[in-house]
Amino acid sequence: WNLVAQQTLMARFTWLDPAIGGGAYWTDGWDGYAPARRRLLAAVAAKKVPGVVVLGGDVHSNYVADLRVDFDDERSPVIASEFCGTSITSLPGVAQARIDQAREYNPHLRYGRSDERGYVRFDVDAKELRASLRVVERPADPESSVVTAARFIVEAAHPGPRAA
């Protein structure tokens, strides 16, 4: 496994249809550094680095994504997986309806929830990584229970998260 820990969302995230001449991008994440992201992912692809999983956070939402060198080409191979976790107690970020609308223009996103607070837990062995998106049911309540909102599996030999 090659785990890359960093502080934000690496996958492209646009609010508008890129097919009509570009979109509005979230430049506080890797979209603000698109050439650097492309170089990094192109190096992973060229060197055939196995088991690349990116873990990010600090975006007030849970995201799970396929990472590609070229996000505009759906035929571009998936070369890595991404899990970007929300925070446990911070206020919600963007409205969930806006995330749902934006997912139409971001087909590489497997999961996107801004209405969740929690963390991501990985269980890893030689063949697969199992990710659990753990969610605090009532973030303002210190007695709140924690539940699993979603589970994903990444196989070491096949990049890209799939729902478990």
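Anything mentioned here points back to the structure above.
If you're wondering where the values come from, they're calculated on a predicted model, not measured in any experiment.

Calculation notes
Residues numbered from 1 in each chain as written. Predicted model: local features only at pLDDT ≥ 70, side-chain atom pairs only at ≥ 80, totals over all residues. Heavy atoms only, no water. Pairing = 2+ DSSP bridges. Helix = DSSP H or I, 4+ residues; strand = E, 2+ residues; numbered from the N terminus. Axes fitted to C-alpha atoms, helices over the stretch in contact; angles between N-to-C directions. Phe/Tyr/Trp six-rings, centres within 6.5 Å; stacked < 30°, edge-to-face > 60°. Buried < 20%, exposed > 50% of the residue type's maximum accessible area, 1.4 Å probe, protein only. Lys NZ or Arg CZ within 6 Å of the ring centre and 35° of its normal. Core = buried A, V, L, I, M, F, W, Y, C linked by side-chain atoms within 4.5 Å. Contact = heavy atoms within 4.5 Å.

Asks: So what's going on with the sheet that holds strand β9 (residues 158-163)? Residues and values would help.
Replies: What the four strands build is an open sheet, ordered β6-β7-β8-β9; its pairing is antiparallel. The sheet is open, and its two borders are formed by β6 (118-124) and β9, each paired with just one other strand. Taken pair by pair, the neighbouring strands of this sheet meet at an average axis angle of 25 degrees, ignoring direction. In the sheet, strand β7 (residues 128-136) pairs with strand β8 (residues 146-155) via nine bridges, with the strands oriented antiparallel.

Asks: I'd love a proper account of the packing of aromatic side chains, names of residues and values included.
Replies: Under the definition given, this model contains five aromatic pairs. Summarising the aromatic geometry, the rings of Phe-13 and Trp-15 are spaced 4.7 Å apart at their centres and angled 75 degrees between planes, so their arrangement reads as edge-to-face. Grouping residues by exposure puts Phe-13 and Trp-15 together as buried. The interplanar angle of 75 degrees and the centroid separation of 5.4 Å between the aromatic rings of Phe-83 and Phe-122 together place this pair among those described as edge-to-face. Taken together, the residues Phe-83 in strand β4 (residues 78-84) and Phe-122 in strand β6 connect sequence positions 39 residues apart. Ring-pair connections join several aromatic residues into one group, and the members of that group are Phe-83, Tyr-111, Phe-122 and Phe-152. Over the face of the ring belonging to Trp-15 we find Arg-98, whose NZ or CZ atom lies 3.9 Å from the ring centre.

Asks: So what's going on with the nonpolar core? Residues and values would help.
Replies: Counting residues in each nonpolar core, the largest one holds 22 residues, and the members touching the most others are Ala-11, Phe-13, Leu-41, Tyr-63 and Leu-67. Secondary structure elements with two or more residues in this core: α1 (34-46), β2 (52-56), β3 (62-68), β4 and α2 (96-102). When near neighbours in sequence (up to four residues on either side) are disregarded, Leu-41 contacts Met-10, Leu-67, Arg-68, Val-69, Phe-71 and Ile-79. Of all hydrophobic cores here, the second largest spans 11 residues; its members include Val-64, Tyr-111, Ala-131 and Leu-133.

Asks: Go over the pairing of β4, please, and point to the residues and values.
Replies: Summarising burial for β4: six of the seven residues are buried, a large majority. Strand direction decides the pairing type here: β2 and β4, joined by four bridges, are parallel. Bridge pairing in β4 links Leu-55 to Phe-83.

Asks: Provide a residue-level description of the sheet that holds β2, including the pertinent values.
Replies: The mixed open sheet is built from five strands, whose spatial order is β1-β2-β4-β3-β5. With one partner strand each, in any of the chains shown, β1 (2-5) and β5 (109-113) form the two edges of the open sheet. Ignoring strand direction, the axes of neighbouring strands in this sheet form an average angle of 20 degrees. In this structure, β3 lies alongside β5, joined through four bridges in antiparallel fashion. Its bridge partner lying in β5, Val-64 is registered against Tyr-111. The strands touched by α1 within the sheet are β2, β3 and β4, with β4 carrying the most contacts at an inclination of about 130 degrees.

Honestly, that's just the spatial picture; any functional story needs more than this.
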